[in-house]
Amino acid sequence: MSDTIFTKIINKDIPADILYEDDIALAFKDINPQAPMHFLVIPKKAIATINDIEREDRELVGHLTWVAAHVLKEHGLAEQGFRTVMNCNEYGGQTVYHIHLHVLAGKPLGWPPYSDKLKIE
Ligand code: 5GP
């Protein structure tokens, strides 16, 4: 797959507010936050969408969830609750084609999350 803006963030070619990094994953604040705390957890391996996750990637994908909770605990935001979301393709609203776990925290979050008022058929 071709590089995305997230590859540039991984390679430190462009800046990001990094919250956590190890050899597998990176967590950084979203540039357009939708909650008081909104960060993204990405694998360093470039995987375009959820549909491209291979069997061998299962541990890596699980690790993203662990990183989310780890960062939230460090910031005292885990116990009050939070939301993780991974958008996929057009209908899911994905705009960057390098999988990323959105982590939203710091306020009560409405449910359902969509704002398009579309009728479900
Ligand atoms: P998606 O719409 O693909 O689920 O989410 C992509 C997210 O990446 C968006 O929430 C957007 O604000 C964030 N984003 C896009 N470009 C950048 C960037 O250059 N830096 C950071 N920190 N976040 C970005």
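Residues numbered from 1 in each chain as written. Predicted model: local features only at pLDDT ≥ 70, side-chain atom pairs only at ≥ 80, totals over all residues. Heavy atoms only, no water.

Caption draft 1: How the structure looks around the nonpolar core. Of all hydrophobic cores here, the largest spans 20 residues; its most connected members are Ala-27, Phe-39, Val-41, Val-67, Val-71 and Leu-72. Mapped onto this core, the elements with two or more residues apiece are β1 (18–21), β2 (25–29), β3 (37–43), α2 (58–74) and β5 (101–105). Considering each element in turn, this core owes the most residues, six residues, to α2. Not counting residues up to four positions away in its chain, the partners in contact with Leu-72 are Phe-39, Leu-77, Ala-78, Phe-82, Val-103 and Ala-105. Within the second largest apolar cluster, eight residues are counted, among which are Ile-9, Leu-40, Ile-42 and Val-96. (Core = buried A, V, L, I, M, F, W, Y, C linked by side-chain atoms within 4.5 Å. Buried < 20%, exposed > 50% of the residue type's maximum accessible area, 1.4 Å probe, protein only. Helix = DSSP H or I, 4+ residues; strand = E, 2+ residues; numbered from the N terminus. Contact = heavy atoms within 4.5 Å.)

Caption draft 2: Representation of the packing of aromatic side chains in the model. All chains considered together, the criterion is met by two aromatic pairs. Ring geometry for Phe-6 against Phe-28: centres 5.4 Å apart, planes inclined by 75°, an arrangement best described as edge-to-face. Pair noted here: Phe-6 is in helix α1 (residues 5–10) and Phe-28 is in strand β2, with a separation of 22 residues, a long-range link. A relative accessible area of 6% places Phe-6 in the buried class. (Phe/Tyr/Trp six-rings, centres within 6.5 Å; stacked < 30°, edge-to-face > 60°.)

Caption draft 3: Structural context of α2. The end-to-end C-alpha separation of α2 is 25 Å, in line with the 24 Å expected for 17 residues at 1.5 Å each. For α2, the complete set of buried residues consists of Leu-60, His-63, Leu-64, Val-67, Ala-68, Val-71 and Leu-72. The secondary structure elements touched by the buried residues of α2 are β1, β2, β3, β4 (82–85) and β5. Directly after α2, the chain includes Gly-76, whose backbone phi takes a positive value near 70°. (Expected span 1.5 Å × (residues − 1).)

Caption draft 4: Here's a closer look at the site of the ligand. Close contacts around the ligand come from 16 residues, with Lys-29, Asp-30, Asn-87, Thr-95 and His-102 the closest. In this structure, an oxygen atom belonging to the ligand sits 2.5 Å away from a side-chain N or O atom of Asp-30. A distance of 3.3 Å is found between a nitrogen atom of the ligand and a backbone nitrogen or oxygen belonging to Ile-31. Protein burial of the ligand: of its 520 Å² of free accessible surface, 83% is covered by the chains. Among the elements of the structure, α1 and β2 are those that each provide at least two residues to the shell around the ligand. The dominant element in the shell around the ligand, judged by the number of residues it contributes, is α1, at three residues. The residue makeup of the shell around the ligand, split by class, is seven nonpolar, seven polar and two charged. (Near = heavy atom within 4 Å. Polar contact = N/O pair within 3.5 Å; in protein donor to acceptor, adjacent residues only side chain to side chain. Areas by Shrake-Rupley, 256 points an atom, 1.4 Å probe, with all protein chains shown as cover. Nonpolar A, V, L, I, M, F, W, Y, C, P; charged D, E, K, R; others polar.)

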